Amino acid sequence: MSAKNAAPVLIAVTGKGGVGKTTLSALLVRQLVRRGVGPVLAIDADPNSCLDAALGVEVSGTVGRAREEVRQESAAVPGLSKSELLQMKIAGSLAESEGFDLIAMGRPEGAGCYCYANNVLKSVIAELAGSYPYVVLDNEAGLENLSRRIVQAVDVLALVSDGGGAGLKTLKRLYDLAREMDIRYGKLLLIINRLRGDPEAARFEDVRAYTGADAVITLPEDAALSALSEEGRPLSELPDGHPLREKIDRIIDMIVEI
């Protein structure tokens, strides 16, 4: 963990379900580490996600689980308030690895837990983020986490979709929703993932013009990447010199210049 940094660069990755948000988040974390600009804080804010597997680390606890354990405590631990106990349990849930750390939201238990757990995650981000120069936030589908004001603003908002007509319409809807919710961002990137065919198709220019995005980046369908995901192997095993790494490096270039 680095010394305190008052202004970390926050990258939020979001989109509809099943378009590869977690894969992209893991690749961004890994490439930032390879650039030597870490340490990076990876935040798995999707209860259904598996960012730990994609990064090749094991999460022993989550924010949701820590919250539930503290909620069920019959009495505070001597010398510790429940708030302090919660902070201690969350700190123990941080999975540490070379160049990055990972904290996971997890799935809260019981009715009405999500709002409280979201508030806990918000405080965790505020407490931890300043210790890292870069933070990658892997969101649940849509803009749920951002709409709940888990973060007030991001430096980079990456909207991820596939290249089909329905996917591009979803990008426009996500952009409209971001405007309605007054989500603030420094740069807007549109990531067209698992693309088959011509990466320079004119239809991408339409969505870029509509959103005013800083860039549209296409990531092709890739057999090696799909095999790693299907076999549950970490994306760090993607070979050096793989063309996809060059594509991710283009995104990193736009991030590190902030």
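Residues numbered from 1 in each chain as written. Predicted model: local features only at pLDDT ≥ 70, side-chain atom pairs only at ≥ 80, totals over all residues. Heavy atoms only, no water.

Student: Residues and numbers for the sheet that holds strand S2 (residues 40-44), please.
Tutor: With mixed pairing, the eight strands of this open sheet are ordered in space as S3-S4-S2-S5-S1-S6-S7-S8. Edge positions in the open sheet fall to strand S3 (95-97) and strand S8 (215-220), since each of these has one partner strand only. Taking the axes of each pair of neighbouring strands and ignoring which way they run, one obtains an average angle of 20 degrees across the sheet. Looking at chain direction, strand S6 (residues 153-161) and strand S7 (residues 184-195) are connected through eight bridges and run parallel. Bridging from a neighbouring strand, Val 160 pairs with Ile 191 of S7. Each of strand S1 (9-15), S2, strand S4 (100-104), strand S5 (134-138), S6, S7 and S8 touches helix H1 (residues 21-35); the most contacted strand, S1, lies at about 155 degrees to it. (Pairing = 2+ DSSP bridges. Helix = DSSP H or I, 4+ residues; strand = E, 2+ residues; numbered from the N terminus. Axes fitted to C-alpha atoms, helices over the stretch in contact; angles between N-to-C directions. Contact = heavy atoms within 4.5 Å.)

Student: Tell me about helix H8 (residues 203-211), and name the residues and values.
Tutor: If you check which residues of H8 are buried, you get Phe 204, Val 207 and Thr 211. End-on view of H8: buried residues confined to an arc of 65 degrees, all on one side of the axis. Looking at the buried residues of H8, the elements they touch are helix H7 (165-180), S7 and S8. Looking at the residues trailing H8, positive phi occurs at Gly 212, about 70 degrees. (Buried < 20%, exposed > 50% of the residue type's maximum accessible area, 1.4 Å probe, protein only. Arc of directions from axis to C-beta.)

Student: Residues and numbers for the packing of H1 against helix H10 (residues 243-256), please.
Tutor: At a minimum axis distance of 9 Å, the contact between H1 and H10 shows a crossing angle of 75 degrees. Comparing the axis directions of H1 and H10 gives the class roughly perpendicular. Contact residues: Leu 24, Leu 27, Leu 28, Gln 31, Leu 32, Arg 34 and Arg 35 in H1; Leu 244, Arg 245, Ile 248, Asp 249, Ile 251, Ile 252, Asp 253, Ile 255 and Val 256 in H10. Of the residues in the contact of H1 with H10, the class split is 10 nonpolar, one polar and five charged. (Parallel < 35°, antiparallel > 145°, perpendicular 65-115°, else oblique. Nonpolar A, V, L, I, M, F, W, Y, C, P; charged D, E, K, R; others polar.)

Student: Please set out the layout of surface pockets residue by residue, giving values where relevant.
Tutor: Approximately 520 Å³ is the volume attributed to the largest pocket. Along its surface, the largest pocket is lined by 30 residues, and Gly 20, Thr 22, Thr 23, Arg 194 and Ser 229 are the ones closest to its centre. Broken down by secondary-structure element, the contributors of at least two residues to the lining of the largest pocket are H1, helix H2 (51-55), S7, S8 and helix H9 (223-230). Top contributing element to the lining of the largest pocket by residue count: H1, with five residues. The residue makeup of the lining of the largest pocket, split by class, is 13 nonpolar, 11 polar and six charged. (1 Å grid on protein atoms, 1.4 Å probe; cavity = no way out; pocket = protein on both sides within 12 Å on 5 of 7 lines; lining within 4 Å. Points joined across faces, edges and corners; volume = space filled by probe spheres on them.)

Student: Describe the nonpolar core, with residues and values.
Tutor: Counting 41 residues, the largest nonpolar core has Ile 11, Leu 24, Leu 28, Ile 191, Ile 251 and Ile 255 as its most contacted members. Counting 35 residues, the second-largest nonpolar core is a separate cluster that includes Tyr 132, Leu 171, Val 207 and Ala 213. (Core = buried A, V, L, I, M, F, W, Y, C linked by side-chain atoms within 4.5 Å.)

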